[in-house]
Amino acid sequence: MTVNASQQGQYTDRFNKAIEQLDKSGADHLQARLGGIYALERLGKDSARDQPVVTEVLSAFIRSTTSTRSADWPSTAAKCPDKPVSTDVQAALTVLGRRDARNYENDVRPDLNGACLRQASLQGAYLTGANLSKADLGGSDLSGAVLALADLRHTEFSSENSPHTLLLHTIMYGADLRGTKFTGAYLGGADLTKSKHDAETSVRGAITSQDTKGEWW
């Protein structure tokens, strides 16, 4: 009992220190923020009980650090800045994408609703069930990413490097797929109703199922 209480106290101290590092703004404190992000990742691996709050904190960090879409997008013309995500946001995305949620009970899904995530590196990222509704993933690398059961309503992709993405039972209603290369993607059960596409959209070799909705090819 004493050992467990002592260990939990150590976890709390580690968490508080990581939050303090994340809260340091400005270019001069980039290394501190990166240290906080990786400290939270380590904490999530050491303490299954803290994994859900780590996911919530990193999600909130990404949403608050990046630009976000307006609440009524896409009815407005609001656009994300055409530039890559910052180094610390990329680090937080990488940590979220490589967590092994199978090892944790009561897993919390990443909430990146409306976030501007252009030109992010998400190869092989595990983002099952993530809320990416209205997010801008334009130019991002989603090759091999696992987005099963994700909310991708009105999400903007326009990514030329997203082969073999797992989109099992994703909600892609109204998603912007113009210029996107989902070659070899798994779209079983995906809802592509009213998704936007053009001559550059490629789903060559994609796998669908009887309950895939909104196919146009």
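It should be noted that the structure appears before, not after, this text.
Residues numbered from 1 in each chain as written. Predicted model: local features only at pLDDT ≥ 70, side-chain atom pairs only at ≥ 80, totals over all residues. Heavy atoms only, no water.

Asks: Give a description of the layout of surface pockets that names residues and reports values.
Replies: Of the volumes computed, that of the largest pocket is approximately 190 Å³. Along the walls of the largest pocket sit Thr65, Thr66, Ser67, Pro81, Lys83, Pro84, Val85, Ser86, Val89, Cys116, Leu117 and Arg118, which together make up its complete lining. Residues belonging to the lining of the largest pocket are distributed by class as follows: 6 nonpolar, 4 polar and 2 charged. (1 Å grid on protein atoms, 1.4 Å probe; cavity = no way out; pocket = protein on both sides within 12 Å on 5 of 7 lines; lining within 4 Å. Points joined across faces, edges and corners; volume = space filled by probe spheres on them. Nonpolar A, V, L, I, M, F, W, Y, C, P; charged D, E, K, R; others polar.)

Asks: Explain the packing of aromatic side chains residue by residue, including any values.
Replies: A full pass over the atoms with the stated rule returns 2 aromatic pairs. Look at Phe157 and Phe182: their rings are 5.4 Å apart centre to centre, the planes differ by 70°, and that puts the pair in the edge-to-face class. Of this pair, Phe157 sits in the segment after α4 (87-97) while Phe182 sits in the segment after α4, and the two are 25 residues apart along the sequence. Its relative accessible area of 2% is what places Phe182 among the buried residues. Here Trp216 and Trp217 contribute two aromatic rings whose centre-to-centre distance is 4.6 Å and whose plane-to-plane angle is 85°, an arrangement assigned as edge-to-face. The exposure class of Trp216 is partly exposed, given its relative accessible area of 27%. Looking at Trp217, the relative accessible area reads 40%, which means it is partly exposed. (Phe/Tyr/Trp six-rings, centres within 6.5 Å; stacked < 30°, edge-to-face > 60°. Helix = DSSP H or I, 4+ residues; strand = E, 2+ residues; numbered from the N terminus. Buried < 20%, exposed > 50% of the residue type's maximum accessible area, 1.4 Å probe, protein only.)

Asks: I'd like to hear about the state of the cysteines, residue by residue, with values.
Replies: One pass over the full model with this rule turns up 1 disulfide. There is a disulfide in this structure between Cys80 and Cys116, and the S-S distance comes to 2.0 Å. When the S-S torsion is -75°, as for the bridge of Cys80 with Cys116, the disulfide is left-handed. Here Cys116 lies in the segment after α4 and Cys80 lies in the loop between α3 (51-65) and α4, a separation of 36 residues in the sequence. Take Cys80 and Cys116: they sit in the same class, and that class is buried. (Disulfide = S-S within 2.5 Å.)

Asks: Could you give an account of the pattern of salt bridges, naming the residues involved and the relevant values?
Replies: For the coordinates displayed, the defined rule picks out 12 salt bridges. Measuring nitrogen to oxygen at the nearest pair gives 2.9 Å for the salt bridge that ties Arg14 to Asp46. One end of the pair, Arg14, is in helix α1 (residues 2-22); the other, Asp46, is in helix α2 (residues 30-46), and 32 residues separate them in sequence. A relative accessible area of 34% places Asp46 in the partly exposed class. In the salt-bridge network here, residues are joined through shared partners; they are Asp82, Arg118, Asp136 and Glu156. (Salt bridge = Lys/Arg side-chain N within 4 Å of Asp/Glu carboxyl O.)

In short, the description is geometric, and any link to function would need to be established separately.
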